[in-house]
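# Survey of secondary and tertiary structure
The lines below spell out each chain.
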Amino acid sequence: MREKSRNIFSALAKVVTVGALVVSMATIGNAQELTIIGHKVHERVSTGKAGGDFAGEWAAAKNTKINWLTFNVQAVHERLFREASLGSTTIDVGFAANRYYKPQFPEMFQALDDYLASAPIKDFDELPKGMLGALTYGGKLYGIPFRHATAALHVNTAILKEKGVAVPKTFEELLSAARKLTFTRSNGTKVHGLLLDYRSPAILTDFARAMNNGDFLTPDFELKANSPDMIGAVEEVVKLFKEGVLPEAFLNFKTEDVITYMQQERAAMAISPFGRYRNFNDAKKSKAAGKIISIAVPKSEKLEGFNVAPIRTEFWAMLIPKNSDNKDLAWDYIRNSVSPENTIRAAVNGNGPIRPSAYADQRVKDLVPYASDEQAALSVARPPLPGFTNSARVEDIFIEEVESALLGLKTTREALDSVQARSLPLLPSK
Amino acid sequence: MFDDRKWLSLFLISPVNTLLILLIAGPSIYIVWLSLHQSTFGADSVFIGFDNYVRLFSDSIFWRATFNTFIVVNVIVYAELALALMLALALNTNFWGKGLVFSILIAPYAVSQVSAVVMWRYLLEPDIGMFNLLLQNFVGAQLNWIRNPVHGLSLISILSIWIHLPFTLIILYSAISTVPLDLKDAARVEGASEWQVFRKVTMRFIAPAVLVAMMFRYIFATRLFAEVWLLNEGGPARLTEVLGTYLFRAAFRYHDFGAAAATGLAMQLLALLVASFYLYKLYKRMQSDG
């Protein structure tokens with residue numbers, strides 16, 4: 001009996017050993033891995049159905065397994081910067097948004113100039129110079145732009161028709177329409193005329209831009225928090241809030257809330273990135289599916305030199321952590337993702353294309369209904385504020401003070417004077 | 001100085017002491033070191049002495065966060081303790097469906113904090129929140145937690161109590177179950193009223209458990225974070241900020257690890273101050289018991 005058991009165990013041990021050897025040999029001969037950290041939207045536009053899964057095709061051609069790590073915006077940057085500061089990391093490609101760019105990039109990320117020289121990106125000159133400039137430190141390039149998110153005006157045409165309001169063509173008409181579109185339905189449901197994503201300087205600068213091409217913080221770090229343009233913009237937002245055009249919950253708004261309000265037809269219009277068109281018109285989740293159009297935010301009738309408002313655009317770039325062991329593979333992935341063809345395919349999947357030529361492609365024209373408006377908006381849009389070490393602190397100060405104005409604890413001027421005074425010491429020296 | 005027996009004792013307890021040093025003392029020392037440095041991603045740490053503490057103590061929002069934390073923590077701990085005590089006493093009697101009631105009461109502990117906060121957030125949403133609409137219809141006013149910081153802090157307290165009540169309830173229920181019935185009966189035979197039985201017999205037995213529950217809840221509640229951050233991120237205008245959210249901003253939004261470490265130590269100090277009072281009480285009680 002004991003002999004029999006021993007034989008069984010011996011046979012089992014042999015099977016396990018041979019199995020382990022086979023598995024480990026298979027693993028050695030198997031796919032290499034590339035780990036990418038970003039927002040869910042980066043994965044979606046790189047692997048989507050409409051434009052095709054170009055990331056998957058690249059992975060198959062390179063015998064590589066792509067691991068996507070996706071988080072919310074803040075967590076993406078926290079994790080990426082942490083990984084890039086360690087002795088080693090498993091992250092090979094990271095996405096970072098422009099407002100998070102900071103002077104410590106050369107310590108954390110790989111300069112890409114040598115890669116660009118040895119394995120160039122096709123039609124590299126087409127990539128926007130402004131975006132590349134924001135990714136350049138000490139004359140070296142640290143990231144390749146992949147996606148822009150430019151603000152649009154999303155309009156629920158059914159609600160406008162119900163209230164007999166025309167789609168606004170100027171910013172003044174937009175404000176007037178927002179007031180007319182604020183009402184309570186017979187079943188008690190409140191409908192709000194306008195939604196804004198958040199209370200940050202990036203969002204409220206949209207008003208200053210649309211009204212008078214104003215700025216909160218210029219690219220050369222001139223702070224204009226209490227300029228007449230910003231005071232006018234925030235005063236208008238405060239008025240809209242007090243009149244109930246912006247919902248009470250605006251004081252606590254997050255991106256998801258804007259999507260929910262629009263999907264539930266509890267708001268008639270929203271200023272939010274063009275890409276939200278898909279969320280708002282999602283047939284599975286939205287009561288407003290098929291009713292929402294996305295157009296360029298109209299400019300004030302007093303603003304000259306523009307066809308549409310010079311609204312905010314924010315952009316994401318791909319970077320390679322300096323401590324990645326897979327830099328060559330990571331570069332190959334990046335240059336493939338931003339090729340002219342894949343830029344178009346990503347745009348069809350819902351990405352904001354960083355190559356202007358993508359808008360001329362018939363696939364984009366056919367499958368992206370807002371393409372021409374997005375192109376018009378992008379032609380005059382610019383980032384709302386430059387990235388710097390204390391950008392998050394300045395943003396929090398602005399939000400705190402604007403909320404004080406919204407609550408009536410301070411006048412708009414007092415609040416913005418305070419933003420100016422508190423933020424100035426936090427800016428980089430010119 | 002040490003005889004062989006003492007050396008042997010030290011040797012035998014050295015594995016656990018090594019673990020404690022590695023897991024608790026080591027990181028604590030690192031946090032103290034970090035709090036004296038300017039540290040962020042992609043840059044070498046620079047020694048700046050007590051600058052982080054100076055900035056911390058001169059920031060009015062830090063003091064507001066400390067005040068809010070102090071108030072909310074006390075409300076949470078005492079309200080939760082009172083509620084748990086009442087429920088534990090009620091559950092200590094026999095009634096039909098006791099198991100079901102007990103299960104319902106401890107169920108919130110199984111709900112993730114994120115789900116719990118999101119659920120409450122929507123139940124109390126000003127436009128469509130079911131609870132707020134009920135309040136509006138029956139009381140004529142809503143819990144305006146988005147706009148009013150007092151309402152906001154109240155909701156944070158309610159949420160925290162709802163989530164953590166099972167912890168305190170289980171400790172107190174276990175303690176009450178161990179009170180000898182014959183002692184209570186003897187007190188009643190001697191003519192004690194139910195209140196006197198509770199005060200003179202039950203409370204005396206469960207006092208150590210109450211102190212333990214209080215101490216743990218004080219320590220946990222001082223670290224209050226998820227309820228506030230997920231509900232309103234310390235808003236509006238940072239009026240409901242607590243130390244946990246203040247620390248989170250410093251570490252994960254500003255990537256200012258020196259300031260975050262200094263805040264962490266301030267929080268630890270606050271928890272230690274509170275806990276030391278209860279630890280002292282426990283120590284005295286243990287001494288008098290025996």
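### Some words on the overall build of chain B
A count of helices and strands for chain B gives twelve helices and two strands. Looking at chain B alone, contacts between residues at least 24 apart form 67% of all its contacts between residues at least 6 apart.

### Structural notes on the overall build of chain A
Within chain A, the regular secondary structure consists of 19 helices and twelve strands. The 430 residues of chain A split such that 48% are buried. Excluding contacts between residues fewer than 6 apart, the proportion of contacts in chain A whose partners are at least 24 apart in sequence is 73%.

### Notes on the nonpolar core
If you look at soluble globular proteins, the nonpolar side chains tend to sit buried side by side. Residues Ala-178, Leu-181, Met-262, Met-269 and Val-297 of chain A together with Leu-172 of chain B are the most contacted members of the largest nonpolar core, which totals 128 residues. Among the elements that line this core, the one with the most residues is helix 7 (residues 149–177) of chain B, at twelve residues. For Leu-172 of chain B, the residues in contact, after removing those within four places along its chain, are Ala-84, Leu-85, Ala-88, Ile-206, Ala-209, Val-210 and Ala-213 of chain B. Ranked by size, the runner-up nonpolar core spans 44 residues in total, among them Trp-58, Leu-112, Ile-121 and Ala-330 of chain A.

### Some details on helix 10 (residues 201–212) of chain A
All names here are of chain A. The end-to-end C-alpha distance of helix 10, which contains twelve residues, comes to 16 Å, matching closely the 16 Å that a straight helix rising 1.5 Å per residue would cover. Within helix 10, eleven of the twelve residues are buried, leaving the element largely enclosed by the surrounding structure. Those residues of helix 10 not exposed but buried are Pro-201, Ala-202, Ile-203, Leu-204, Thr-205, Asp-206, Phe-207, Ala-208, Arg-209, Ala-210 and Met-211. On its buried side, helix 10 packs onto strand 6 (144–156), helix 9 (171–180), strand 9 (195–196), helix 11 (228–242), strand 10 (269–273) and helix 18 (391–407).

### A look at the domain arrangement of chain A
Residues and elements named next belong to chain A. Along its sequence, chain A is carved into domain 1 (29–149 + 314–380) and domain 2 (150–311 + 385–426). Spacing between the C-alpha centres of domain 1 and domain 2 amounts to 28 Å. Facing 19 residues of domain 1, the contacting portion of domain 2 comprises 22 residues. Of all the secondary structure elements, the ones that give two or more residues to the side of domain 1 that touches domain 2 are strand 6 and helix 17 (371–380).

### Some details on the packing of helix 11 of chain A against helix 18 of chain A
All names here are of chain A. Where helix 11 meets helix 18, the axes come as close as 9 Å, and the angle between the chain directions of the two elements is 45°. When the interaxial angle is binned, helix 11 and helix 18 end up oblique. With respect to the hand of their crossing, helix 11 and helix 18 are arranged in right-handed fashion. In this structure, helix 11 contributes Val-234, Val-238 and Phe-241 to the contact, and helix 18 contributes Val-402, Ala-405 and Leu-406. Residues belonging to the contact of helix 11 with helix 18 are distributed by class as follows: six nonpolar, no polar and no charged.

### Notes on helix 7 of chain B
Under the 1.5 Å per step criterion, the end-to-end length of helix 7 of chain B is 40 Å for 29 residues, consistent within 8% with the ideal 42 Å. The sharpest bend along helix 7 of chain B measures roughly 50° and falls at His-164 of chain B, with the proline Pro-166 of chain B sitting one to four residues further on.

### Examining the interface of chain B and chain A
Taken together, the contact between chain B and chain A spans 19 residues of the former and 23 residues of the latter. Looking at side-chain class alone, the side of chain B that touches chain A contains eight nonpolar, five polar and six charged residues.

### Remarks on the pairing of strand 1 (residues 32–38) of chain A
Residues and elements named next belong to chain A. Sheet topology note: the strand 1/strand 2 (residues 64–70) ladder contains seven bridges and is parallel. Across the sheet, Thr-35 pairs through a bridge with Asn-67, a residue of strand 2. By the bridge criterion, two bridges tie strand 1 to strand 3 (residues 93–97) in an arrangement that is parallel. Its bridge partner lying in strand 3, Ile-36 is registered against Val-93.

### Side note on unusual backbone geometry
Residues and elements named next belong to chain B. Here Gly-235 and Pro-236 are connected by a cis peptide whose omega angle stands at 0°. Counting through the fold element by element, Pro-236 comes out in the loop between helix 10 (226–231) and helix 11 (243–253). Positive phi values are uncommon outside glycine, yet His-255 reaches one of about 55°. If you trace the backbone, His-255 turns up in the loop between helix 11 and helix 12 (257–289).

### Considering the environment of Val-197 of chain B
All names here are of chain B. Topologically, Val-197 is positioned in helix 9 (residues 194–222). A C-alpha to C-alpha distance of 40 Å links Val-197 and Ala-226, two positions 29 residues apart in sequence. In contact with Val-197, other than residues within four places in its own chain, are Lys-184, Ala-187, Arg-188, Ala-192 and Thr-202.

### Here's the deal with the environment of Ala-96 of chain A
All names here are of chain A. Note on placement: Ala-96 falls in strand 3. In sequence terms Ala-96 and Met-318 are 222 residues apart; their C-alpha atoms lie 6.6 Å from each other. Excluding residues within four positions of it along the chain, Ala-96 makes contact with His-77, Leu-80, Tyr-101, Gly-143, Trp-316, Ala-317 and Leu-319.

### Regarding the confidence of the model for chain B
Predicted confidence across chain B gives a mean pLDDT of 91, with 98% of residues reaching 70 or more. Reported confidences for the modelled complex are a pTM of 0.87 and an ipTM of 0.87.

Conventions we followed
Along each chain, numbering runs from 1 in the same order as the chain's sequence is written. Chain labels run from A onward and ligand labels from 1 onward, assigned in the order the entries are written. Whole-chain, interface and lining totals are the exception, using all residues; otherwise, since this is a predicted model, local features are given only for residues with pLDDT of at least 70 and side-chain atom pairs are given and counted only at 80 or more. Only DSSP runs of H or I reaching four residues or more are called helices, and only runs of E reaching two or more are called strands; each is numbered from the N terminus. Whether two residues are in contact depends on their C-beta atoms, placed from the backbone: they are in contact if these lie within 7 Å. We call a residue exposed when 12 or fewer other C-beta atoms sit within 10 Å of its C-beta, buried when the count reaches 20 or more, and partly exposed for counts in between; the C-beta positions come from the backbone. Each nonpolar core consists of buried Ala, Val, Leu, Ile, Met, Phe, Trp, Tyr and Cys residues. Their C-beta atoms, within 7 Å, join them into a set. For a helix, the expected span equals 1.5 Å multiplied by the residue count minus one. Where each domain begins and ends follows an automated or database-derived domain assignment. Between N-to-C directions, angles cover 0 to 180 degrees, with each direction set by a line fitted to C-alpha atoms, over the stretch in contact for helices. An angle below 35 degrees is read as roughly parallel, one above 145 as roughly antiparallel, one from 65 to 115 as roughly perpendicular, and any other as oblique. Crossing handedness is read from the near helix: turned anticlockwise from the far helix by less than a right angle, it gives a left-handed crossing, and turned clockwise, a right-handed one. Note that Gly is not counted as nonpolar here; it falls among the polar residues with everything else outside the nonpolar set of Ala, Val, Leu, Ile, Met, Phe, Trp, Tyr, Cys and Pro and the charged set of Asp, Glu, Lys and Arg. In this analysis the local bend is the angle between axes fitted, respectively, to the seven residues ending at and the seven residues starting at the residue. Should DSSP find at least two bridges between two strands, the strands are regarded as paired. Per-residue confidence from the predictor is given as pLDDT, running between 0 and 100.

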